Amino acid sequence: AQTPIQADNALPVYGAPGTSKERTFIAVKPDGVQRNLVGEIISRFERRGYKLVGLKLLVPPVELAKEHYADLSSKPFFAGLVDYMTNGRAPVVGMVWEGPSVIKQGRIMLGATDPKNSGTGTIRGDFCLSIGRNIVHGSDSAESAEKEISLWFGGKGEVVNWTSNNEEWVIS
Ligand code: ADP
């Protein structure tokens, strides 16, 4: 029998790093949405075997983008980065993905921050050219994943625990 879908109310919105329940925050940025790459990016994580446990489409409020990129607030490109994420010319697709080593592997699947250094076969290495338009975001550590999932998916039940019928064929 199918395990019913459960809202993730009582549990933390992030899974314990180092377990098969590890979770990361991945986002398709506005340029990725404009360029119709949402499906491609979701597909890559699905085909790898990772599980989608959170998904939303939104134009992020300025305060959310500033908090998300707080570490970069002193950089000269910060204002442009916040505007690019929040100006509403296209939304952001925020996602939470779950599975073994998903934080580290998610970063590997994205490729280097500057697409000029991203290997072919990575999302950035295959689909973009410029650091200011690098189409995807992925948490870079367990601490960032926890912070970002709470920030983007803080609402009750927005991250969903569910059992994939494929799991025994993907994780042993
Ligand atoms: P990552 O997104 O790979 O974690 P960073 O946290 O260093 O990389 O930077 C966050 C985002 O800020 C980058 O993905 C990119 O969109 C933007 N960014 C970083 N460096 C620059 C830059 N020199 N010029 C313009 N945008 C930048």
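This structure is a prediction, so every number in the text was calculated from the model and none was measured.

**As for the UniProt feature "binding site: ATP" (unreviewed entry) in the protein chain**
Phase 1: Here, UniProt's "binding site: ATP" (unreviewed entry) annotation points to Lys-29, Phe-77, Arg-107, Thr-113, Arg-124 and Asn-134. Within the annotated group just given, the residues that line the largest pocket are Lys-29, Phe-77, Arg-107, Thr-113, Arg-124 and Asn-134.
Phase 2: With respect to the helices and strands, Phe-77 occurs in the loop between helix 3 (62-68) and helix 4 (78-86).
Phase 3: Overall, the relative accessible area of 45% leaves Phe-77 in the partly exposed class.
Phase 4: Along the chain, the position of Thr-113 falls in the loop between helix 5 (102-110) and helix 6 (123-127).
Phase 5: Overall, the relative accessible area of 40% leaves Thr-113 in the partly exposed class.

**Thoughts on the pattern of salt bridges**
A side chain of one charge can pair with a side chain of the opposite charge if their charged atoms are brought near each other.
Phase 1: One pass over the full model with this rule turns up eight salt bridges.
Phase 2: With its nearest N and O atoms 2.8 Å apart, the salt bridge here joins Glu-98 to Arg-23. Of the two residues, Glu-98 sits in strand 4 (residues 92-98) while Arg-23 sits in strand 2 (residues 23-28), which places them 75 residues apart along the sequence. Grouping residues by exposure puts Glu-98 and Arg-23 together as buried.
Phase 3: In this structure, the salt-bridge partner of Asp-126 is Arg-44, at a minimum N-O distance of 2.9 Å. One end of the pair, Asp-126, is in helix 6; the other, Arg-44, is in helix 2 (residues 38-48), and 82 residues separate them in sequence.
Phase 4: The buried category is assigned to Arg-44, whose relative accessible area is 16%.
Phase 5: Salt bridges sharing common partners tie together Lys-21, Arg-23, Lys-51, Glu-98 and Glu-167.

Parameters and conventions
Residues numbered from 1 in each chain as written. Predicted model: local features only at pLDDT ≥ 70, side-chain atom pairs only at ≥ 80, totals over all residues. Heavy atoms only, no water. UniProt positions renumbered as here; feature names shortened; annotations may be inferred. 1 Å grid on protein atoms, 1.4 Å probe; cavity = no way out; pocket = protein on both sides within 12 Å on 5 of 7 lines; lining within 4 Å. Helix = DSSP H or I, 4+ residues; strand = E, 2+ residues; numbered from the N terminus. Buried < 20%, exposed > 50% of the residue type's maximum accessible area, 1.4 Å probe, protein only. Salt bridge = Lys/Arg side-chain N within 4 Å of Asp/Glu carboxyl O.

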